[in-house]
Amino acid sequence: MHKLSFFSILFFLLANLTLNAQETQAAFTINAANKTVVFSEIGKLKIVGTDANEMRISGAGPRKRNSRAEGLKLISVSGLQDNTGWGLSVTEDGNTITVEQVGKKNNEYTIELPHSAVLQYTQSTTDGSHFRIESFSGEVDVTMMYHKVYLFDVAGPVAVNCVYGDIIAEYTARPPSGDLRLHATYADVDLTLPAATAANLSLSTSYGDMYTDFDLNVDRGTMNEGGKLNATINGGGKLVSLQSTYDDIFIRKK
Amino acid sequence: MNTNFTETDLIDYLSGELEDSKIVALEKAVQNDESLHQRLEEYRGIYGWLNSQDKLISSYSEDEFLRSAAHHLQNSSAESKSPRLRILRYSAIAASILLVFSLGWWLGGSSVLTNTQDFASQWEELLEGERSSHRIAATRLIASQPNVDEALISRLGILLREDPSPNVRLAALEALATLGQYHYARQELIMSLEPNGPAAVQIQLIEILIELEETKILPRLHDWSQDLSLPQYLRDAAELGRFKLDKI
Amino acid sequence: MLRLIICIATLCSTNLLMSQVKTQSFDASDLDKLVIHTQLSEIILVSAESDRIEVTHSLWINGERATDMQELEYEVNEGRASLREVRPTVNDINDVWRNSDGQIEGSFQTYGQNPAQVHSVKSILEVRVPDNLTLEATSDYGAIKGQNLVNLVSVESTYGLVEMIFDDSLPHDDLKLISEYAEVDLTLPDHLGAQLFMATEHGDLLSDFDMEIDVQNSQEDVYLKRVMARLNGGGTRIYCSATYSNIYVRKAK
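Computed from a prediction, not measured in an experiment: that's the story for all the values here.

Analysis parameters
- Residues numbered from 1 in each chain as written.
- Chains lettered and ligands numbered in written order.
- Predicted model: local features only at pLDDT ≥ 70, side-chain atom pairs only at ≥ 80, totals over all residues.
- Helix = DSSP H or I, 4+ residues; strand = E, 2+ residues; numbered from the N terminus.
- Buried ≥ 20, exposed ≤ 12 C-beta atoms within 10 Å, placed from the backbone.
- Contact = placed C-beta atoms within 7 Å.
- Axes fitted to C-alpha atoms, helices over the stretch in contact; angles between N-to-C directions.
- Parallel < 35°, antiparallel > 145°, perpendicular 65-115°, else oblique.
- Nonpolar A, V, L, I, M, F, W, Y, C, P; charged D, E, K, R; others polar.
- Core = buried A, V, L, I, M, F, W, Y, C linked by C-beta atoms within 7 Å.
- Left-handed = near helix turned anticlockwise from the far one by under 90°.
- Pairing = 2+ DSSP bridges.
- Arc of directions from axis to C-beta.

**A few points about the overall build of chain C**
No. 1: Counting its regular elements, chain C contains 2 helices and 22 strands.
No. 2: When the 253 residues of chain C are sorted by exposure, 37% land in the buried category.
No. 3: A separation of at least 24 residues holds for 62% of the contacts in chain C among residues at least 6 apart in sequence.

This is how it looks when you write it as structure tokens:
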């Protein structure tokens, strides 16, 4: 314990020496209108839809800068280069833009993405943190292993799969305008929709429960012991497919 | 009966999309072929009715309609004589028209098809689409048919094993699971049970095969549960699957 | 006869340096190697064109010089000199920080919450080393820094920074720079050849060199990075490891 406290002081002092005051850094921008933007293994990422044509990368708040790293580049065996100044590699090949983390995945990013873009995201490790998308109208295709996925007013079409993290989707003003497919293996799927939403529901859980305050018009023929059912709300409409193999499904009225 | 003109040709003709060279031939054939003339009139009536509707299908939410469309298109060569069959035939024609328009919307954001591709090529186009939403839509479309041939099931199997998007693989898996009554679909599912691939898909595939009571996979699950070189999640899923299948 | 003289010199020089004198000097004319170890102190190594080892041991607690808590041990054995910090120890520092209730106030948790309770410690062992001596340095908590030590072979700190600068020459032999929890910062001449081995499990590798990375013998996955690279075609082998922190390899200005 004594050693720990002493070391803590030294560590703190060292940290103060190496980490300068937080600074503001210029955002990185690239035209991403009508392009597929592939994000891979990013730390903590928030995507916000924009009417602009430019994708804009910036930090979530002022970025902590390491004075020792000034003027140096990250060394990467795979050849990735931080060409954004934000510890991210952005490369463009035809109609596809790929955004990858270079180095440690403890940075937080806010990225504004044109509504006309297609968003693909993959996070397969315990590194980084949850993934959040807000007010985005483009297509979304997300694969997450450990962390939660939050969707707020993401018009779609949306397809999200997550093994260990919850998927939480909320539509505050308008229902999804494209098909919505949320698949969690060992975690909850929690969806909030405007009360007037008309949708065709496809629900499935093998070992969890399903909860809702909507009035479901259940297609009795689709019900089985495996925990599957199809139903409509408000007469039916877009597909809303929710699956949580080992956990619960929640569909809430807004 | 002139068999050189397909339903798509007739629909294209009515919507003004048929090639000029075919228009002349079709009009000539209609004059000489009473059955073709009848078919065209049937289509014209339904097409007119559809045009009078404000609602144009633009989503795959109209599952039942699409399903019946695909079904009747596959059996369109059969002549319908009874009133009930006649109604079904009308439905099929309507559905086919709707399907053409919905596919056109899905593929290009346009409500009008621009060529004479048949429906197989439409599925093909969806399956080959760059966007994962297109390929997901294709899996649903295929699964919604009452009769699916081996080739299409094989395509679903390829999607399940090879698609770059795990969400498309999950959709293909779901489609194959709904086609579980087909021997080929089960074969594709079992063939896809490999110790590599996206975690969510692997775990879900094991779950599906358990639901289908495919005890053939027991030896593989046993091996996986013991294989320390595999990721923990897969060993756990294999062990759990083995336990559940043992009880069947 | 020479052996006898060396033994006598060894016996005489083996002592505990508890005096108030902060600077001590030792004859190094018959030495081949110097090994330095501290528990707490930062080690600053300076290359000197001299045949004497000069040691300055300084300790400040809460900004004030503390001279009653410094203790070094110097031993010579068959051409190998060992300079070891005996005090201050971790317990020494914690005793200073302990309040009447027996609680240690100088902990990270209290820092900033009650400035009146903030304690600081600064302990430096500066060693001027004859440039012909092979040199090794280790520390438990202290940083280890040095410049142009061409006979340096090994530097290792558990919790402290390792910072080595080579302005216009490279080590004559293989060099090992290791910090378990802190950074390793290496400066090299931009025109000389070296072969680098860099390893971290939770940190980053950074450089302004155009490195020729040996992809076949390098490894990069989610956490682990092991990179083998050549600078200017390769040369002196330098191994850098910072398990929990970053490694910097920079060009000398």
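**With respect to the overall build of chain A**
No. 1: In terms of regular secondary structure, chain A is built from 1 helix and 22 strands.
No. 2: Burial status across chain A gives 43% buried among its 254 residues.

**Focus: the interface of chain A and chain B**
No. 1: Of the residues lining the interface, 21 residues belong to chain A; the matching set on chain B comes to 19 residues.
No. 2: Those elements that place two or more of their residues in the side of chain A that touches chain B are strand 11 (140–144), strand 13 (158–162), strand 15 (180–184) and strand 21 (238–244) of chain A.

**Digging into the packing of helix 11 (residues 199–211) of chain B against helix 13 (residues 232–246) of chain B**
Residues and elements named next belong to chain B.
No. 1: Where helix 11 meets helix 13, the closest approach of the two axes is 10 Å, and the angle between their N-to-C directions is 5°. Between helix 11 and helix 13, the angle is such that the two are roughly parallel. Contacts from Ala-199, Gln-202, Ile-203, Ile-206 and Ile-210 in helix 11 reach Tyr-233, Leu-234, Ala-237, Ala-238, Gly-241, Lys-244 and Leu-245 in helix 13.
No. 2: Residues belonging to the contact of helix 11 with helix 13 are distributed by class as follows: 9 nonpolar, 2 polar and 1 charged.

**Notes on the nonpolar core**
Note on soluble globular proteins: their nonpolar side chains tend to be buried together.
No. 1: Within the largest apolar cluster, 159 residues are counted, with the highest numbers of intra-cluster contacts made by Val37(A) and Leu176(B).
No. 2: In terms of residue count, the dominant contributor to this core is helix 11 of chain B (9 residues).
No. 3: Aside from chain neighbours lying at most four places away, what touches Val37(A) is Ala32(A), Met55(A), Ile97(A), Val99(A), Leu113(A), Ala117(A), Val118(A) and Leu119(A).
No. 4: By size, the runner-up hydrophobic cluster in this structure holds 9 residues, among which are Phe5(B), Leu10(B), Leu18(B) and Leu26(B).

**Quick look at the packing of helix 8 (residues 150–162) of chain B against helix 9 (residues 166–178) of chain B**
All names here are of chain B.
No. 1: Taken N-terminus to C-terminus, the directions of helix 8 and helix 9 make an angle of 145°; their axes are 8 Å apart at the nearest point. Crossing angle aside, the handedness with which helix 8 passes helix 9 is left-handed. Contacts from Leu-156, Gly-157, Leu-159 and Leu-160 in helix 8 reach Val-168, Arg-169, Ala-172, Leu-173, Ala-175 and Leu-176 in helix 9.
No. 2: Across the contact of helix 8 with helix 9, the residue classes tally to 8 nonpolar, 1 polar and 1 charged.

**Brief notes about the sheet that holds strand 18 (residues 210–212) of chain A**
All names here are of chain A.
No. 1: Overall, mixed pairing links the 10 strands, which are arranged 1-4-8-3-10-12-14-16-22-18 in an open sheet. Both outer strands of the open sheet, strand 1 (28–31) and strand 18, are each paired with one neighbouring strand and no more. On average, each strand axis in the sheet is inclined to that of its neighbour by 10°, with strand direction left out of account.
No. 2: Taken together, the 4 bridges between strand 1 and strand 4 (residues 54–59) define a ladder with antiparallel strand orientation. Its bridge partner being in strand 4, Phe-28 is matched across the sheet by Ile-57.

**Quick notes on helix 10 (residues 183–191) of chain B**
Residue and element names in this part refer to chain B.
No. 1: Along helix 10, the residues classified as buried are Ala-185, Arg-186, Glu-188 and Leu-189. Angular distribution of buried residues about the axis of helix 10 spans 160°; they occupy a single face of the element. Exposed side of helix 10, more than 90 degrees from the buried face: His-183 and Met-191 are the residues found there.
No. 2: Tucked inside the fold, the buried residues of helix 10 contact helix 8, helix 9 and helix 11.

**Digging into the sheet that holds strand 7 (residues 96–101) of chain A**
No. 1: Spatial strand order, 6-7-2-9-11-13-15-21-17-20-19 (chain A): 11 strands in an open sheet with mixed pairing. Among the strands making up the open sheet, the edge pair consists of strand 6 (88–93) and strand 19 (217–219) of chain A. For this sheet the average axis-to-axis angle between neighbouring strands, irrespective of direction, equals 10°.
No. 2: Two strands pair when backbone bridges link them, and strand 11 of chain A and strand 13 of chain A are joined in this way by 5 bridges, in the parallel orientation. Residue pairing for strand 13 of chain A: Thr143(A) is matched across the bridge by Asn161(A).
No. 3: Sheet contacts for helix 9 of chain B: strand 11, strand 13 and strand 15 of chain A; angle to strand 13 of chain A, the most-contacted strand, approximately 90°.

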